[in-house]
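The chain contents come next:
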Amino acid sequence: HANEQRKATWLANSVLFGGLNPAQIAALAPATRCIRFAKGETVISQGESGDCCFQVITGMVEVFQSDQQGKEQIISQLSDHQIFGEMAICTNQNRSASVRAIEETVLLEVERRDLQPLIDHDQTLLEKLAHLVHQRQQEIGSLKQQRDQSDVSSENRLIRSMQKLYNVFLGT
């Protein structure tokens with residue numbers, strides 16, 4: 001049980017799950033998994049499908065994209081408590097970047113199906129996820145073609161697509 005308590009503490013310290021109440025964190029923690037990666041090991045690959053996100057517990061990873069020639073462009077480096085892979089659990093699109101461990105790293109994995117019951121009970125979590133994903137999309141420039149539209153409208157589109165993905169029905 002100490003392990004689940006530690007997981008709950010890690011989740012509470014993350015940008016994505018920090019806003020959950022203690023009961024939500026207690027419900028999510030047992031479903032998560034700790035995974036260890038060696039230096040240089042690939043965690044996720046650009047273009048593959050994904051249904052989970054990861055939180056860095058210890059160590060460090062680098063996020064990068066490869067062009068058609070295979071040339072890598074580093075987007076960012078992430079360490080303790082930072083989240084990656086959240087775009088796949090929110091958009092159902094293939095991974096937009098690759099991530100590899102640049103030192104021995106322990107990650108906490110959260111799957112889309114683990115979030116479903118929480119979103120069923122609290123739609124504000126969906127909006128929080130959408131906000132984080134929208135920020136990340138801007139970071140990696142995937143909204144270049146939508147520069148003429150306001151950030152609010154693209155974030156609202158993302159929320160609507162996530163509502164479909166998580167089967168959230170709003171009374172209108």
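Reading guide: rules and limits
Residues numbered from 1 in each chain as written. Predicted model: local features only at pLDDT ≥ 70, side-chain atom pairs only at ≥ 80, totals over all residues. Heavy atoms only, no water. Helix = DSSP H or I, 4+ residues; strand = E, 2+ residues; numbered from the N terminus. Buried < 20%, exposed > 50% of the residue type's maximum accessible area, 1.4 Å probe, protein only. Contact = heavy atoms within 4.5 Å. Areas by Shrake-Rupley, 256 points an atom, 1.4 Å probe, with all protein chains shown as cover. Arc of directions from axis to C-beta. pLDDT = per-residue confidence, 0-100. Pairing = 2+ DSSP bridges. Axes fitted to C-alpha atoms, helices over the stretch in contact; angles between N-to-C directions. Phe/Tyr/Trp six-rings, centres within 6.5 Å; stacked < 30°, edge-to-face > 60°. Lys NZ or Arg CZ within 6 Å of the ring centre and 35° of its normal.

Chemist: Describe in detail the overall build of the chain, supporting the description with residues and values.
Modeler: On a plain count of helices and strands, the chain comes out with six helices and eight strands. Of all 172 residues assigned to the chain, the portion counted as buried reaches 46%. Considering only intrachain contacts with a sequence separation of at least 6, the fraction spanning at least 24 residues in the chain is 74%. For the chain, the exposed surface amounts to about 9200 Å²; the carbon and sulfur share of it is 47%.

Chemist: Hey, could you go over helix α4 (residues 112–121) for me, with residue numbers and the actual values?
Modeler: Buried within α4 we find Arg112, Asp114, Leu115, Leu118 and Ile119. One side of α4 carries all its buried residues, which in axial view fall inside an arc of 145 degrees. In α4, the exposed positions angled more than 90 degrees off the buried face are occupied by Arg113, Asp120 and His121.

Chemist: Any details on the confidence of the model for the chain? Residues and values, ideally.
Modeler: Across the chain, pLDDT averages 84, with 87% of residues at or above 70. Within the model, the stretch residues 143–149 combines pLDDT values under 50 with seven contacts to residues more than four positions away or in other chains.

Chemist: Tell me about the sheet that holds strand β8 (residues 105–111), and please be specific about residues and values.
Modeler: With respect to topology, four strands assemble into an open sheet ordered β1-β8-β3-β6, the strand pairing being antiparallel. Since the sheet does not close on itself, it has two edges, and those belong to β1 (33–37) and β6 (83–84), each with one partner. Taken together, the two bridges between strand β3 (residues 52–58) and β6 define a ladder with antiparallel strand orientation. Paired with glutamine 55 across the two strands is isoleucine 83, which belongs to β6. Packing against the sheet, α4 makes contact with β3 and β8, and its axis sits at approximately 55 degrees to β8.

Chemist: Which residues make up the side chain of glutamine 24, and what are the values?
Modeler: By secondary structure assignment, the location of glutamine 24 is in helix α2 (residues 22–28). Here glutamine 24 falls in the buried class, since its relative accessible area comes to 11%. The residues touching glutamine 24, leaving out its near neighbours within four places in the chain, are Leu118 and Asp122.

Chemist: Before we move on, could you go through the side chain of glutamine 55 and cite the residues and values that matter?
Modeler: Relative to the helices and strands, glutamine 55 resides in strand β3. On the basis of relative accessible area, glutamine 55 is assigned to the buried category, the value being 1%.

Chemist: Lay out the packing of aromatic side chains in plain terms, naming residues and giving numbers.
Modeler: Applying the stated rule across the entire model yields one aromatic pair. Ring geometry for phenylalanine 54 against phenylalanine 84: centres 5.3 Å apart, planes inclined by 20 degrees, an arrangement best described as stacked. Of this pair, phenylalanine 54 sits in strand β3 while phenylalanine 84 sits in strand β6, and the two are 30 residues apart along the sequence. Side by side, phenylalanine 54 and phenylalanine 84 carry an identical accessibility label, which is buried. For arginine 100, the ring lying beneath its charged end belongs to phenylalanine 64, and the centroid distance is 4.0 Å.

Chemist: Can you tell me about unusual backbone geometry, naming the residues and giving the values?
Modeler: We note that histidine 81 has phi near 75 degrees; this positive angle belongs to a residue other than glycine. Counting through the fold element by element, histidine 81 comes out in the loop between β5 (72–78) and β6.

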